[in-house]
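Below, each chain spelled out in residue letters.
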Amino acid sequence: MSARKFLVFLIALVFCAVPLTATHSGEAPAKSASLPGPQLVTGAWMFIAGYKADPEVLKSMLPAGLKPHPNNHVVINMYTVPDKNQTSGFGAYTLTYLTIELDGHDSYVMDSDITYPGRYFVHYYNSSPKMREFTKPVGIPAQEGMTTTVVENGVLKTKLEIGGQSMIEATAEVGSELGGFGGGHLNYFGFMEDKGVVKYPIPWNGGTVSMANPKITFTAPEGHSLHKLKPLGDPTWAVWTKGSFVYPQYQVLN
C-alpha cells in the first residue's frame, strides 16, 4: 500500500459528528438528550469502506447547496463499542452509517498535504436509544439497528440488522498488528429542518491493520431505501481501524 493511500485510509477513522449546540454566538442550543456535548469515544474498531454508487441516486439524496464528489463514492462505517468505558457518556452501542462524499468540502490529515472529501449522512442505524435521542435533533437521520462484528482466524465479518433482518453484510481478511498512526479532521454534514445544512468537523486519531479482499453485500430488499445505495462493484478502498474521536458542536452553513 502506498504512503498516500495509507494516509487516505487513516482519515477514514472518523465516525460522525453529533453536536448538541451551535458554534454561532447567540444561537439557541438544539433540544436533545440530557447528555451534554461534546462527547468522546476511544479505541473503537471500525470497518470503513468507500464504493461507487449510482450518481443520479446520490444527487437525489443531497439537499440544495451540496453536490456529490465526482468520484460518486458512498462511505460506509460498521462498528461496535462494547464497553461503556470507551465513551464519556454514551455507554456501549453499535452503529452502521452511510454517507455520500461531497464536492468542495475537503478536510485535512495532520502533517500532510492530503485532503479527503466531506461526507453527508444519508443513513444512520444505532442500537442505543440514548444516542438516537442525542443525534436526531441535530440533523442525523438516526434509526434503530444492530451491528455485529466478529474477527476469527484473521477473517472479519460484520452485519447490520434492522428489525432482526439482515440488511448489509461485509467480510475481509485482516491482520492483527496495529500501525500507521495519525490524526486530523474530517468534515461531516447533516440537515436540520429549521437551519438547513449543518457541518460537523470531527477531530480524530488512531491506526490501522492490514486488510485484503473486502466485500460488501446489500441484503436489503429492493423496496428498502438502503437498496438504492448498493455498490456498483467491489469497494474502491476499505480499512479495519482503531480510532478515537470527538463529537463536536455543529456549525450552521449559510
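Shown above is the structure to which this text applies.
Participant: Explain the nonpolar core to me, please; I cannot follow it from the model alone.
Facilitator: Where a protein is soluble and globular, its nonpolar side chains tend to be buried together. Counting residues in hydrophobic clusters, the biggest one holds 36 residues, and the most contacted among them are F47, Y51, L98, I168, I216 and L226. Of all the elements, strand β10 (residues 165-174) adds the most residues to this core, at five residues. Residues contacting Y51, with those up to four places away along its chain left out, are N72, H73, V74, I76, L98, I216, F218, L229, K230, P231, P235 and T236. Residues V138, I140, L186 and Y247 belong to the second largest nonpolar core, which totals 33 residues.

Participant: Would you mind showing me how to read the pattern of salt bridges here?
Facilitator: Side chains bearing opposite charge may pair, as long as their charged atoms lie close to each other. Under the criterion given, the structure shown has five salt bridges. Put simply, E161 and K159 hold a salt bridge, and the shortest N to O gap is 3.6 Å. The exposure class assigned to K159 is partly exposed, which follows from its relative accessible area of 28%. Note that K215 is salt-bridged to D234, the shortest N-O span being 3.0 Å. With K215 in strand β13 (residues 211-218) and D234 in the loop between β13 and β14 (237-247), this pair connects stretches of sequence that are 19 residues apart. The partly exposed category is assigned to K215, whose relative accessible area is 39%.

Participant: Looking at this structure, I do not really get the packing of aromatic side chains. What am I missing?
Facilitator: Between two aromatic rings, the relevant description is the distance of the centres plus the angle of the planes. As enumerated under the stated definition, the model contains 11 aromatic pairs in all. Between F121 and Y124, the aromatic rings sit 6.0 Å apart at their centres with planes inclined by 80°, giving edge-to-face as the arrangement. Side by side, F121 and Y124 carry an identical accessibility label, which is buried. Taken together, the ring pairs connect Y97, F121, Y124, Y188 and Y200 into an aromatic cluster.

Participant: Could you clarify how one ought to interpret the environment of P36 in this entry?
Facilitator: Looking at the element boundaries, P36 is found in the loop between α1 (3-11) and β1 (39-52). For P36 and G89, which are 53 residues apart along the polypeptide, the C-alpha to C-alpha distance reads 8.4 Å.

Participant: Before we go on, may I ask you to explain the pairing of β10 in this structure?
Facilitator: Walk down a regular strand and you will see the side chains alternate between the two sheet faces. Looking at chain direction, strand β9 (residues 155-162) and β10 are connected through eight bridges and run antiparallel. Opposite K157, over in β10, you have T171 as the bridge partner. The turn joining β9 and β10, which pair antiparallel and follow one another in sequence, is formed by two residues; a positive phi near 60° is taken by G163. Pairing between β10 and β13: six bridges, direction antiparallel. Considered in β13, the bridge of A170 is made with I216.

Participant: Please clarify how unusual backbone geometry should be interpreted in this entry.
Facilitator: Where the residue is not glycine, phi is negative for most of them; where a peptide bond is considered, it is trans in most cases. If you check the backbone angles, D111 has positive phi at about 55° while not being a glycine. Assignment of secondary structure puts D111 in the loop between β4 (107-108) and β5 (115-116). Although it is not a glycine, N213 adopts a positive phi angle of roughly 55°. Looking at the element boundaries, N213 is found in strand β13.

Definitions and cut-offs
Residues numbered from 1 in each chain as written. Predicted model: local features only at pLDDT ≥ 70, side-chain atom pairs only at ≥ 80, totals over all residues. Heavy atoms only, no water. Core = buried A, V, L, I, M, F, W, Y, C linked by side-chain atoms within 4.5 Å. Buried < 20%, exposed > 50% of the residue type's maximum accessible area, 1.4 Å probe, protein only. Helix = DSSP H or I, 4+ residues; strand = E, 2+ residues; numbered from the N terminus. Contact = heavy atoms within 4.5 Å. Salt bridge = Lys/Arg side-chain N within 4 Å of Asp/Glu carboxyl O. Phe/Tyr/Trp six-rings, centres within 6.5 Å; stacked < 30°, edge-to-face > 60°. Pairing = 2+ DSSP bridges.

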